[in-house]
Amino acid sequence: MVWRPYVSFNIWSQFVPPVGKEYWHCDMKRGFTRARKKELLVKSLLEQDTIPQQIGLLAQKGIYEFHQDIQLLCQSNGVEIVAQKLKLAQESAEVQQRVMKILENYYQSPILLGKKIIQLSRGDEGIPEPILIQQGNYFFNLFAAIDCIFIELNGKLHILDFKTGKSDFDRRQAFVYLLAATYLYPQQKAVASFYNLENGKQSELITATDAQLKAIQEKLVQIAQEHQKELQRYKKNPSDFADIFPANPGISCRHCQFTSICQFYQFEVSA
């Protein structure tokens with residue numbers, strides 16, 4: 001297989017935080033995740049899902065299980081059966097409580113019921129197949145882990161991304177998925193939206209013009225190139241880690257999984 005530069009929305013979001021969320025952003029976290037991910041300690045931390053990650057993954061699996069056996073959405077004990085399939089009893093009290101609430105919410109309002117679903121992810125499939133994109137003479141792989149795609153009555157593809165927790169919807173993610181759709185389904189128009197499984201909040205339908213998608217593709221090229229430059233700089237000078245990936249200690253440390261190995265971790269965080 002030919003190696004190519006690569007990019008994803010996740011990498012983009014690790015470079016540039018959403019507007020208004022800059023104080024949560026830490027470039028050093030990207031350094032641990034991207035440049036030092038094969039180191040033993042870093043690898044072990046990356047393999048341990050945080051509570052938000054556990055909840056997001058179990059929620060996605062729960063929706064998948066409901067639609068593997070659609071009768072579960074009609075049975076009075078459907079939520080309990082899905083919880084058993086997820087082995088929810090083995091999880092922490094917080095994870096159990098929040099995921100059960102998500103399953104109950106979905107049981108009451110199954111937004112995919114009756115939809116013509118053409119793709120529904122379990123969430124644990126691993127890295128998706130790359131999408132090869134050419135921008136001039138530059139070739140790169142785009143990775144787009146799409147939660148769900150269904151077909152609207154008007155024939156358009158609808159790309160739906162599930163969320164949990166309190167995080168806001170990031171329209172950049174929708175644009176990346178719409179760009180991916182132009183390569184995966186070039187003959188079909190597409191829209192995208194977000195749905196929060198915990199609070200029932202749904203975004204507006206998001207569309208993109210050809211000019212917008214072209215701009216997104218150009219931005220992804222820029223991110224892919226910057227990403228490779230950083231990795232190469234670190235590879236040549238590992239001692240420059242903190243300069244290449246500067247830390248932003250403070251609020252961003254609260255939910256960081258690398259606090260045990262980060263010399264810039266701030267235990268006391270001011271409000």
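Throughout what follows, the structure given in this document is the object of discussion. (Residues numbered from 1 in each chain as written. Predicted model: local features only at pLDDT ≥ 70, side-chain atom pairs only at ≥ 80, totals over all residues. Heavy atoms only, no water.)

### Details of the overall build of the protein
Item 1. Across its full length, the protein holds 9 helices and 7 strands.
Item 2. The C-alpha atoms of the protein give 20 Å as radius of gyration, which agrees with the globular expectation for 271 residues (18 Å, within 12%).
Item 3. The principal-axis extents of the C-alpha atoms in the protein amount to approximately 60 × 45 × 40 Å.
Item 4. Here the protein holds 271 residues, and the buried ones make up 42% of them.
Item 5. Partitioning the intrachain contacts of the protein with sequence separation of at least 6 by distance along the chain shows that 68% fall at a separation of at least 24.
Item 6. By element, 51% of the accessible surface of the protein is carried by carbon and sulfur atoms, the whole surface being about 15,400 Å². (Helix = DSSP H or I, 4+ residues; strand = E, 2+ residues; numbered from the N terminus. Rg over C-alpha atoms; globule rule 2.2 N^0.38 Å. Buried < 20%, exposed > 50% of the residue type's maximum accessible area, 1.4 Å probe, protein only. Contact = heavy atoms within 4.5 Å. Areas by Shrake-Rupley, 256 points an atom, 1.4 Å probe, with all protein chains shown as cover.)

### Quick notes on the sheet that holds strand β4 (residues 138-143)
Item 1. Strand order across the open sheet formed by 3 strands is β1-β4-β3, with mixed pairing between neighbours. Lying at the two open borders of the sheet, with one neighbouring strand each, are β1 (6-8) and β3 (131-135). Sheet twist, expressed as the average angle between the axes of neighbouring strands with direction ignored, equals 35°.
Item 2. Of the pairings in the sheet, the one linking β1 to β4 comprises 3 bridges and is parallel in character. By the bridge assignment, S8 is partnered in β4 with F143.
Item 3. Sheet strands in contact with helix α7 (residues 171-184) are β3 and β4, and its direction is about 95° off that of β3. (Pairing = 2+ DSSP bridges. Axes fitted to C-alpha atoms, helices over the stretch in contact; angles between N-to-C directions.)

### Description of the pairing of β3
Item 1. Both β3 and β4 contribute to a ladder of 5 bridges, which runs antiparallel. Residue pairing across strands places I131 opposite L142, the latter belonging to β4.
Item 2. With antiparallel pairing between neighbouring strands as the criterion, β3 and β4 make up a hairpin whose turn holds 2 residues, including G136 at a positive phi of roughly 65°.

### Focus: the side chain of H227
Item 1. Looking at the element boundaries, H227 is found in helix α8 (residues 210-236).
Item 2. What H227 contacts, discounting residues up to four positions off in sequence, is Y6, I11, F15 and R34.

### Quick word on α7
Item 1. With 14 residues, α7 should reach 20 Å at 1.5 Å per residue; the first-to-last C-alpha distance of 20 Å fits that figure.
Item 2. A large share of α7 lies buried, amounting to 10 of its 14 residues.
Item 3. Among all positions of α7, only R172, Q173, A174, F175, V176, Y177, L178, L179, A180 and A181 are buried.
Item 4. Buried residues belonging to α7 abut α1 (9-15), β3, β4, β6 (157-163), β7 (190-196) and α8. (Expected span 1.5 Å × (residues − 1).)

### Brief notes about the sheet that holds strand β2 (residues 116-120)
Item 1. Across the sheet, which stays open at both edges, the 4 strands sit in the order β2-β5-β6-β7 with mixed pairing between neighbours. Two strands close off the open sheet at either side, each with one partner strand: β2 and β7. Going across the sheet, the axis of each strand differs from the next one's by a mean of 25°, ignoring polarity.
Item 2. As defined by bridge partners, strand β5 (residues 148-151) adjoins β6 across 4 bridges and the pair is classed as antiparallel.

### Concerning the packing of aromatic side chains
Item 1. Enumeration over the complete set of coordinates arrives at 9 aromatic pairs.
Item 2. Consider the rings of F169 and F194, whose centres lie 5.2 Å apart with planes at 10°: the pair is stacked. Here F169, found in the loop between β6 and α7, pairs with F194, found in strand β7; they are 25 residues apart in sequence, far enough to count as distant.
Item 3. Through a chain of ring-to-ring contacts, the aromatic side chains of F32, Y234, F241, F245 and F258 assemble into a single cluster. (Phe/Tyr/Trp six-rings, centres within 6.5 Å; stacked < 30°, edge-to-face > 60°.)

### Looking at the pattern of salt bridges
Item 1. Under the definition given, this model contains 10 salt bridges.
Item 2. Between R98 and E94 there is a salt bridge, with the nearest N and O atoms lying 3.4 Å from each other. One end of the pair is R98 and the other is E94, both in helix α6 (residues 93-108) and 4 residues apart, which spans about a single turn.
Item 3. On the basis of relative accessibility, which here comes to 36%, the residue E94 falls in the partly exposed class.
Item 4. Note that E198 and R98 form a salt bridge whose closest N and O atoms lie 2.7 Å from each other. Highlighted residues: E198 in the loop between β7 and α8 and R98 in helix α6, separated in sequence by 100 residues.
Item 5. Each of the salt bridges in this network shares a partner with another, and the network as a whole consists of D27, R30 and E230. (Salt bridge = Lys/Arg side-chain N within 4 Å of Asp/Glu carboxyl O.)

### Comments concerning the packing of helix α2 (residues 27-35) against α8
Item 1. Two numbers describe how α2 lies on α8: the axes approach to 11 Å, and their chain directions differ by 80°. Classified by the angle their axes make, α2 and α8 are roughly perpendicular. Every residue of α8 that contacts α2 at R30, R34 and A35 is listed here: H227, E230, L231 and Y234.
Item 2. Taken together, the residues that form the contact of α2 with α8 break down as 3 nonpolar, 1 polar and 3 charged. (Parallel < 35°, antiparallel > 145°, perpendicular 65-115°, else oblique. Nonpolar A, V, L, I, M, F, W, Y, C, P; charged D, E, K, R; others polar.)

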